[in-house]
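Letter by letter, the chains look like this.
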Amino acid sequence: MANLDIVKPENLVYTKTKVLTDNVMHYCPGCGHGTAHRIIAEVIDEMGIQDKTIGVSPVGCSVLAYNYFDVDFQEAAHGRAPAVATAIKRLNPDCFVFTYQGDGDLAAIGTAETLHAANRGENITMVFINNGIYGMTGGQMAPTTLVGMKSATTPYGRRVDLNGYPLRITELLATLPGTYYVTRQSVHTPGNVRKAKAAIRKAFENQKLNKGLSFVEICSSCNSGWKMTPVQANKWMEENMFPNYPLGDIKVDGKLCENITAERLVLDHPLTVVNK
Amino acid sequence: MAKELKLMKGNEAIARAMIASGTDGYFGYPITPQSEVMETLMAEKPWETTGMVVLQAESELASINMVYGGAATGKKVATSSSSPGISLMQEGLTYLAGAEIPCVIMNAMRGGPGLGTIQPAQSDYFQSVKGGGHGDYQLYTIAPSSVQEMYDFVFDAWDIAFKYRNPVLILTDGAIGQCMEKCYTRDYIPRWTEEERRQHAPWGTWGKPATRSHNIITSLELESSRQEVFNQKLQAKYREMEEKEVRFEALNCEDADYIFVAYGTSARICMKSMELARAKGLKVGLLRLITLYPFPKKQIAELAKKVKGMLCVEMSAGQMIEDVKLAANCSIPIEHYGRFGGIIPSPEEVLEAMEKEIIK
Ligand SMILES: Cc1ncc(C[n+]2csc(CCOP(=O)(O)OP(=O)(O)O)c2C)c(N)n1
Ligand code: SF4
Ligand SMILES: [Mg+2]
């Protein structure tokens, strides 16, 4: 009761952006999807482009993203969002078009669409939620699942001889002349949320320049799929995901960043991890 | 281009009709025997005249999903392919039907199964009208049998697609795609203005103004009771098409004792077979199917009461015949005659089949 006294406009330090609807999100508590949604919505709000933004979200835990973003939105078939977004943008060049895809979607079933949209330099923003697992279908191996990492279809851990290497598609895309901005971020601490939001802002602003594709990977936890508490999941992500998927910009304004050496791009000895 | 009489290939007619009918975008992937569609568009450069976007995609998976993305914004977006490519598009087609997105797809059928042959065939009938993808859905399926119809049906396809918010399949074959015939072109219909787009597609994802809630394009409904209601709505739409949009041509059927039932290239051959039969004094007619879905059930049922037998001619092992038999309730002799693997039957062998199998 007493708290109500402080609810006054002058005390207001934060409000939910109007670009997010009031629908209750279906994501598991602790999941990175919700935070990623919020910062994208805030960027759309701050840029004043709600009436010009068209989102595309394919199959995966974020398939219902259209219930949360208050912008025109298309659900896409598994893996096909980059093709869908290509046509939206080409036919509506004044709109801001973004895809929001998981790792299974973007880097397994939709690899061709991803690579070719990037290679054509489509003037869109792609947000890539890398949680190293198929969250929606119950925690099976994703192309990004780490070596040694247990999942529903790698119950004894991912084996390179059996399953190949974790695919670092973000680094791969950075080598294509069609990408203008490529970065890897996370949303597991307030500081990282701020950095990730700045990256999303840049990726949307870039659409005004028409210079190619902007790609923001968000290395994100799937505590349900990883079978951990949210806190454990964040810690595990720092210790195991980040060495394999180093955070930071990879390509800015069409140029590889100075610290992105050939060795860093290739990282040919993926670290082996252990989880329960 | 204004009204003109020109000699052109069927595939070229599709491309020129797309430009002339105010199509906003075409996305395709090369495959014989229909690559001339995209080749003509690329040579015509409509982006410099009408503003139409043309893009070669990395696969048919991509091109059909580009159709999905572009068409869902309420624009007129089309693609074309041939059998193996259309197989690859089936997932996209069921999503398009499920999200009720108007669009136009052309299939210039070639022989299968598998990579098959690049020669013409009509063996994708089941795939086209029985739902090649998953779920209960229908494509409005229209079968041209001349270059002129290839041209004209593109215009008709847009009307149907937007009237019913449904994908339209122009189902033809390599013979009609490749053959050259005269064709009357039409005056250009300008592409829709921004305002017209919003009028024709109030459901489209063209950017949410403050005055309306956000538009969502999806085929997902996790609540089964709502998914059932949605399916009922789709079925009601299909019933309305069956009621109002059936097209066919009945040639010499009034006094006929026997009729051919055929569409596309087979119908063209049957016209000749019918002439040969009439010259012999045989009262033979032809029911040329134009829409394959909706299927002219009533017309076939009526004819079955009047004639003594029907020969279904199709460049397949016998697919359309199943619907003909169902429509006629198997009340009279109905047989199939077909060649396949890319072989086109001659009018003489078709007539011979009629005499042997039906007239006896
Ligand atoms: C064609 C097709 N194959 C498989 C599926 C089942 N499926 C749904 S989501 C999914 C994996 C999604 O994983 P990811 O893209 O990593 O997203 P996440 O749920 O982890 O956010 C799969 C395999 C499908 N819907 N469609
Ligand atoms: S399963 Fe994983 S990715 Fe999906 S909502 Fe739960 S935590 Fe998030
Ligand atoms: Mg995932």
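All of these numbers come straight from a predicted model, not from anything done at the bench.

Conventions used here
- Once a new chain begins, its residue numbering starts again from 1 and follows that chain's sequence as written.
- Whichever chain is written first is A, and whichever ligand is written first is 1; the rest continue in order.
- Only residues with pLDDT of at least 70 get local features here, since the model is predicted, and only at 80 or more are side-chain atom pairs given and counted; chain-wide, interface and lining totals rely on the full set of residues.
- With hydrogens and water stripped out, all remaining heavy atoms of the structure feed into the side-chain values.
- We count a stretch as a helix when DSSP gives it H or I for four or more residues in a row; a strand needs E for two or more, and each element gets its number in order from the N terminus.
- The reference for a compact globule is 2.2 Å times residues^0.38; the radius of gyration itself is calculated from the C-alpha atoms.
- Burial classification: accessible surface area is computed with a 1.4 Å probe over protein chains only, and a residue below 20% of its type maximum counts as buried, one above 50% as exposed, and the rest as partly exposed.
- We call two residues contacting when some pair of their heavy atoms lies within 4.5 Å.
- Method for areas: the Shrake-Rupley scheme with a 1.4 Å probe, in which residue coverage is limited to the protein chains shown.
- Under the counting rule used here, the positive set is Lys and Arg, the negative set is Asp and Glu, and His together with the chain ends is not counted.
- For charged residues, the charge sits on one atom: NZ in Lys, CZ in Arg, CG in Asp, CD in Glu.
- We define the nonpolar core as a collection of buried residues of types Ala, Val, Leu, Ile, Met, Phe, Trp, Tyr and Cys that are connected through side-chain atoms lying within 4.5 Å of one another.
- The domain limits used here are those given by an automatic or database domain assignment.
- Criterion for a salt bridge: a side-chain nitrogen of Lys or Arg within 4 Å of a carboxyl oxygen of Asp or Glu.
- A cutoff of 4 Å decides nearness: a residue is near a molecule or strand if any of its heavy atoms lies inside that distance of it.
- In this classification, the charged set is Asp, Glu, Lys and Arg, the nonpolar set is Ala, Val, Leu, Ile, Met, Phe, Trp, Tyr, Cys and Pro, and all remaining amino acids, among them Gly, are polar.
- Water is not part of the atom set, so a site may look incomplete; the donors themselves are N, O and S atoms within 2.8 Å of the metal, or 3.2 Å for Na, K and Ca.
- Buried area is a sum: the accessible area each of two parts loses on coming together, probed at 1.4 Å, counted once for each and added.
- Here a polar contact is taken to be a pair of N or O atoms separated by no more than 3.5 Å, where protein atoms must pair a possible hydrogen donor with a possible acceptor and residues adjacent in sequence count only if both atoms sit in side chains.
- Within 6.5 Å between ring centres, the rings of Phe, Tyr and Trp (the latter by its six-membered ring) count as paired, and their orientation is classed by plane angle as stacked under 30 degrees, edge-to-face over 60, tilted in between.
- Any Lys NZ or Arg CZ found within 6 Å of a ring centre and within 35 degrees of that ring's normal is scored as a charge over the ring.
- In short, DSSP must find at least two bridges between two strands for them to pair.
- Every axis in this analysis is a line fitted to C-alpha atoms, fitted for helices over the stretch in contact. Angles between the N-to-C directions lie between 0 and 180 degrees.

Trainee: Please explain the overall build of chain B as it appears in this structure.
Mentor: Of regular secondary structure, chain B possesses 14 helices and 15 strands. Expected size for 360 residues packed as a compact globule is a radius of gyration near 21 Å; at 21 Å, chain B falls within 12% of this value. Taken along the three principal axes of its C-alpha coordinates, chain B extends 70 × 50 × 35 Å. Counting every position in chain B, which comprises 360 residues, the buried fraction comes to 61%. Restricting to contacts in chain B with at least 6 residues of sequence separation, those with at least 24 account for 78%. Approximately 13,800 Å² of chain B is accessible, and the part contributed by carbon and sulfur atoms is 52%. Here chain B contributes 39 positive and 45 negative side-chain charges, whose respective centroids are spaced 3 Å apart.

Trainee: Help me understand the nonpolar core in this model?
Mentor: When a protein is soluble and globular, its nonpolar side chains tend to lie buried together. Leu41, Ile259, Met310, Met320 and Val324 of chain B are the most contacted members of the largest nonpolar core, which totals 128 residues. Per element, the largest residue contribution to this core is twelve residues, and it comes from helix α7 (residues 147-164) of chain B. Each of domain 1 (5-196) and domain 2 (249-359) of chain B gives at least three residues to this core. Listed in part, the 35 residues of the second largest apolar core include Ala36, Ile40, Val43 and Tyr66 of chain A.

Trainee: I tried to follow the pattern of salt bridges on my own but got confused; where do I start?
Mentor: Oppositely charged side chains can pair when the atoms bearing their charge come close. Considering all chains together, one arrives at 46 salt bridges over all chains under this definition. Residues arginine 184 of chain A and glutamate 171 of chain A are paired through a salt bridge, measuring 2.7 Å at the closest nitrogen-oxygen approach. Pair noted here: arginine 184 of chain A is in strand β7 (residues 179-186) and glutamate 171 of chain A is in helix α6 (residues 169-174), with a separation of 13 residues, a long-range link. By relative accessible area, which is 1% here, glutamate 171 of chain A ends up buried. A salt bridge links glutamate 48 of chain B to lysine 45 of chain B, with the shortest nitrogen-to-oxygen separation between them at 3.9 Å.

Trainee: Can you walk me through unusual backbone geometry in this structure?
Mentor: Excluding glycine, residues mostly have negative phi values, and the peptide bonds linking residues are mostly trans. Residue and element names in this part refer to chain B. Omega for the peptide link from threonine 32 to proline 33 comes to 10 degrees, which places this bond in the cis form. Tracing the chain through its elements places proline 33 in the loop between β2 (25-28) and α2 (36-44). Residue glycine 112 is joined to proline 113 through a cis peptide bond whose omega torsion reads -5 degrees. Examined against the element boundaries, proline 113 turns out to sit in the loop between β5 (103-109) and α6 (125-129). For lysine 45, which is not glycine, the phi dihedral falls at a positive 50 degrees. Here lysine 45 lies in the loop between α2 and β3 (53-56).

Trainee: What's the story with the environment of proline 230 of chain A in this structure? I'm lost.
Mentor: Residues and elements named next belong to chain A. Along the chain, proline 230 falls in helix α9 (residues 230-244). The class for proline 230 is partly exposed, based on a relative accessible area of 33%. Along the chain, proline 230 and glycine 34 lie 196 residues apart, while their C-alpha atoms are 13 Å from each other. Non-local contacts of proline 230, meaning those with residues more than four positions away in its chain, are made with Pro29, Gly30 and Asn223.

Trainee: For this particular structure, what's the right way to read the site of ligand 2?
Mentor: Neighbouring ligand 2 are Tyr27, Cys28, Cys31, His33, Cys61, Asn131, Gly135, Cys222, Asn223 and Ser224 of chain A. Partitioning the shell around ligand 2 into residue classes produces five nonpolar, five polar and no charged.

Trainee: I tried to follow the coordination of the magnesium ion (ligand 3) on my own but got confused; where do I start?
Mentor: Think of it this way: four donors in a tetrahedron around the metal ideally sit 109.5 degrees apart, and six in an octahedron ideally sit 90 or 180 degrees apart. All names here are of chain A. Within the first shell, the magnesium ion (ligand 3) binds the protein through Asp103 (OD), Asn131 (OD1) and Ile133 (O), at distances of 2.1 to 2.2 Å. Along the chain, the residues donating to the magnesium ion (ligand 3) are arranged with the sequence spacing D-x27-N-x1-I. Residue asparagine 131 shares its accessibility class with isoleucine 133, and that shared class is buried.

Trainee: Would you mind going over the domain arrangement of chain B with me for this structure?
Mentor: Many analyses report the size of an interface as the accessible area lost when the parts associate. Residues and elements named next belong to chain B. The domains assigned to chain B are domain 1 (5-196) and domain 2 (249-359). Relative to domain 2, the C-alpha centre of domain 1 lies at a distance of 27 Å. Taken together, the contact pairs 28 residues of domain 1 with 25 residues of domain 2. Between domain 1 and domain 2, the buried area comes to about 2,100 Å², and carbon and sulfur atoms account for 53% of it. Counting every contact that joins domain 1 to domain 2 gives three salt bridges. Between glutamate 181 and arginine 268 there is a salt bridge, with its nearest N and O atoms 2.4 Å apart. Joining domain 1 to domain 2, the criterion identifies 16 residue pairs in polar contact (both at pLDDT 80 or more). Listing elements by their share of the side of domain 1 that touches domain 2, those giving two or more residues are α6, β6 (140-142), α7, β7 (167-173) and α8 (174-178).

Trainee: Looking at this model, I keep getting lost on the site of ligand 1. Mind explaining?
Mentor: Residues and elements named next belong to chain A. Neighbouring ligand 1 are 17 residues; Cys61, Asp103, Gly104, Asp105 and Gly135 lie closest to it. Within the contact set of ligand 1, an oxygen atom lies 2.9 Å away from a backbone nitrogen or oxygen of glycine 104. A distance of 2.9 Å separates an oxygen atom of ligand 1 from a polar backbone atom of methionine 136. Among the elements of the structure, α3 (103-109) and β5 (133-134) are those that each provide at least two residues to the shell around ligand 1. For the shell around ligand 1, the element with the highest residue contribution is α3, accounting for four residues. A per-class count over the shell around ligand 1 returns six nonpolar, eight polar and three charged.

Trainee: Explanation requested: the packing of aromatic side chains in the structure shown.
Mentor: Note on aromatic pairs: each is described by the distance of the centres and the angle between the planes. Residue and element names in this part refer to chain A. As enumerated under the stated definition, the model contains 13 aromatic pairs over all chains in all. Measuring from centroid to centroid gives 5.7 Å for phenylalanine 128 and phenylalanine 215, while their planes differ by 45 degrees, and the two rings are tilted. Separated by 87 residues along the polypeptide, phenylalanine 128 in strand β4 (residues 125-130) and phenylalanine 215 in strand β8 (residues 213-219) bring together distant segments of the chain. The burial state of phenylalanine 128 is the same as that of phenylalanine 215; both residues are buried. Geometry around phenylalanine 96 places lysine 89 over its ring, the cationic atom sitting 5.8 Å from the centre.

Trainee: Mind showing me how you'd approach the pairing of β4 of chain A here?
Mentor: Regular strands have side chains that alternate between both faces of the sheet. Residue and element names in this part refer to chain A. Across the six residues that make up β4, a large majority, six, are buried. On β4, burial covers both faces: Thr125, Val127 and Ile129 on one face and Met126, Phe128 and Asn130 on the other are all buried. Bridge count for strand β3 (residues 96-102) against β4 is five bridges, and the pairing is parallel. Bridge pairing in β4 links tyrosine 100 to valine 127.

Trainee: Would you explain the sheet that holds β6 of chain B in this entry?
Mentor: Adjacent strands of a sheet form backbone hydrogen bonds with each other and so pair up, either parallel or antiparallel. Residues and elements named next belong to chain B. Overall, mixed pairing links the seven strands, which are arranged β3-β2-β4-β5-β7-β6-β13 in an open sheet. Since the sheet does not close on itself, it has two edges, and those belong to β3 and β13 (291-293), each with one partner. Ignoring strand direction, the axes of neighbouring strands in this sheet form an average angle of 20 degrees. As paired elements, β2 and β3 share four bridges and run parallel to each other. From the neighbouring strand, glycine 28 faces β3, where its bridge partner is glutamine 56.

Trainee: Would you explain the sheet that holds strand β12 (residues 284-289) of chain B in this entry?
Mentor: Residues and elements named next belong to chain B. If you trace the five strands from one edge of the open sheet to the other, you get β10-β12-β11-β14-β15, paired in mixed fashion. A single partner strand is all that each edge strand has here, and the edge strands are β10 (248-251) and β15 (334-337). Strand-to-strand, the axes of this sheet are offset by a mean angle of 20 degrees, without reference to chain direction. As paired strands, strand β14 (residues 309-313) and β15 are joined by four bridges and run parallel to one another. Along β15, the bridge assignment pairs leucine 311 with glutamate 335. This element, helix α12 (residues 297-306), spans β10, β11 (258-262), β12 and β14 of the sheet and lies at about 140 degrees to β14.

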